[in-house]
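If you want the building blocks of each chain, they are given just below.
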Amino acid sequence: MKKRGWIVTLSLVTLLMAVLVATLLWNVHQKQQQIEDMHELAALDKQEMENEYERFTLQYSEMMTQINNDSIVEQLTREQLRTQQLLEELKQVRATDAREIARLKKELATVRAVLRSYILQIDSLNQINEALTAENTQIRSELAEAGRQNQALSHERASLSEKVAIAAQLDATGIAMKMMDHHDRTIKKKRKMDDTRKLQVSFTVAKNVTAEAGELTFYVQVKKPNGQVVGGSGTFDYENTTLKYTAKRSMEYNGEAMPVSVFWSGEEVFEPGNYLVSIFQGGNMIGSRSLSPEDMGIR
């Protein structure tokens, strides 16, 4: 009987150990999957930045073919070389190097602002040139040539109008998020994250005098660490596809810097990990940030 009891005890211990090992392996697998998802998001963000750098480099080349001002051509060449250098730096950076990616993202915003200023400057020069051409009616034999020049300038203006649309794209900065319980108390501890019943996403729309003033609708998409969109009951159009959004808000914009807060409330499962917050407006993603619990003040 003692020997049989010993065998039963040993079997139970072995079974318990097997369960513990299986649980440990499952947890390791889940953590590895989360890390792979974060790496995939970082790689997509890096690829989007590379595409934008390349697009800006091409736009500098296009602008240089449309003007005859040597001084401006020299400035454009210098900015194009700087943009190409930043692109090469970005290609050498690993997608997981958050600090360097953040630096190059700030540089990208600067490149966009500089490009925007040149687009406006060249557009102004072309408009002046167009006006002078229209006034050049001294000789009737030159009217036909003037008409052809006007036609050419119209094509150039149409091309510049497309670039001005890029200049009018808004930028969302200072993206932050708070988690709150059903009493509107801010969540401070990771073990309380599943008590979240409300999210507050705040950001600032940067000043942009080229943007069209009026009522604008901002769509906020919050993705959990597993990639699932919080809420996701509504959709909007983005780059020939349809995306889910967490919350939206419409506000009047007059071209000046404007703070925006968007709220979501509901019951979902929230757990520690990185939450990707993306802001969309007018068919463009105007800002995105990955927030850890620490970034949200949760310890």
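What counts and what doesn't
Residues numbered from 1 in each chain as written. Predicted model: local features only at pLDDT ≥ 70, side-chain atom pairs only at ≥ 80, totals over all residues. Heavy atoms only, no water. Helix = DSSP H or I, 4+ residues; strand = E, 2+ residues; numbered from the N terminus. Buried < 20%, exposed > 50% of the residue type's maximum accessible area, 1.4 Å probe, protein only. Contact = heavy atoms within 4.5 Å. Areas by Shrake-Rupley, 256 points an atom, 1.4 Å probe, with all protein chains shown as cover. Pairing = 2+ DSSP bridges. Axes fitted to C-alpha atoms, helices over the stretch in contact; angles between N-to-C directions. pLDDT = per-residue confidence, 0-100. Salt bridge = Lys/Arg side-chain N within 4 Å of Asp/Glu carboxyl O.

What am I meant to see in the overall build of the chain here?
Summing up its helical and strand segments, the chain has 4 helices and 9 strands in all. Along the chain, from the amino end to the carboxyl end, the secondary structure elements read α-α-α-α-β-β-β-β-β-β-β-β-β. A total of 299 residues make up the chain; the buried ones form 34% of that total. Long-range pairs, those at least 24 residues apart, make up 68% of the contacts in the chain with a sequence separation of at least 6. Accessible area of the chain: about 18,400 Å², with a carbon and sulfur share of 52%.

When you look at the sheet that holds strand β7 (residues 258–265) in this model, what are you seeing that I'm missing?
One key point about sheets: their strands pair by backbone hydrogen bonds, in either a parallel or an antiparallel sense. Taking strand neighbours across the sheet as the criterion, the 3 strands line up as β1-β2-β7 in an open arrangement whose pairing is antiparallel. Each edge of the open sheet is held by one strand with a lone partner, namely β1 (172–180) and β7. Neighbour-to-neighbour, the strand axes of this sheet turn through a mean angle of 15 degrees, independent of strand direction. As paired elements, strand β2 (residues 198–205) and β7 share 8 bridges and run antiparallel to each other. In the strand pairing of β7, L199 is matched with W264.

Help me understand the pairing of strand β8 (residues 275–281), please; the structure alone is not making it clear to me.
Remember that side chains alternate between the two faces of the sheet whenever the strand is regular. Here β8 lies mainly inside the structure; 7 of its 7 residues are buried. Burial along β8 is two-sided: the face carrying Y275, V277, I279 and Q281 and the face carrying L276, S278 and F280 are both buried. Pairing between β8 and strand β9 (residues 284–291): 7 bridges, direction antiparallel. Residue pairing in the sheet places F280 in a bridge with M285 of β9. Between β8 and β9, which pair antiparallel one after the other, the connecting turn spans 2 residues, and G282 there sits at a positive phi close to 60 degrees.

Help me understand the sheet that holds strand β3 (residues 214–223) in this model?
As summarised here, the arrangement of the 4 strands in space is β6-β3-β8-β9, forming an open sheet in which the pairing is antiparallel. Looking along the sheet, the strands with just one partner apiece sit at the ends: β6 (247–253) and β9. On average, each strand axis in the sheet is tilted by 20 degrees relative to the strand beside it, whichever way the strands run. In the sheet, β3 pairs with β8 via 5 bridges, with the strands oriented antiparallel. For Y219, the partnering residue across the bridge sits in β8 and is F280.

Help me understand the confidence of the model for the chain, please; the structure alone is not making it clear to me.
Here the chain averages 80 in pLDDT, while 75% of its residues score no lower than 70. Mean pLDDT across the secondary structure elements of the chain bottoms out at helix α4 (residues 143–167), with 57, and peaks at β2, with 97. Under a pLDDT of 50 for its full length, residues 33–39 has, in the predicted model, 4 contacts with residues more than four places off or in other chains.

Just checking my understanding: could you explain the pattern of salt bridges for this structure?
It is possible for side chains of opposite charge to pair when their charged atoms get near one another. Counting across every chain of the model gives 5 salt bridges. With its nearest N and O atoms 2.9 Å apart, the salt bridge here joins D181 to R185. Residue E256 pairs with K207 through a salt bridge whose shortest N-O separation is 4.0 Å. Here the residue E256 occupies a position in the loop between β6 and β7, and K207 occupies one in the loop between β2 and β3, the gap between them amounting to 49 residues.

I'm lost on unusual backbone geometry in this one. Help?
Negative phi values dominate among residues other than glycine, just as trans dominates among peptide bonds. Notably, E239 is not glycine yet its phi reads approximately 50 degrees, a positive angle. With respect to the helices and strands, E239 occurs in the loop between β4 (234–238) and β5 (241–245). At N240, a residue that is not glycine, the phi angle is positive and equals roughly 60 degrees. When its relative accessible area of 89% is taken as the criterion, N240 is described as exposed.

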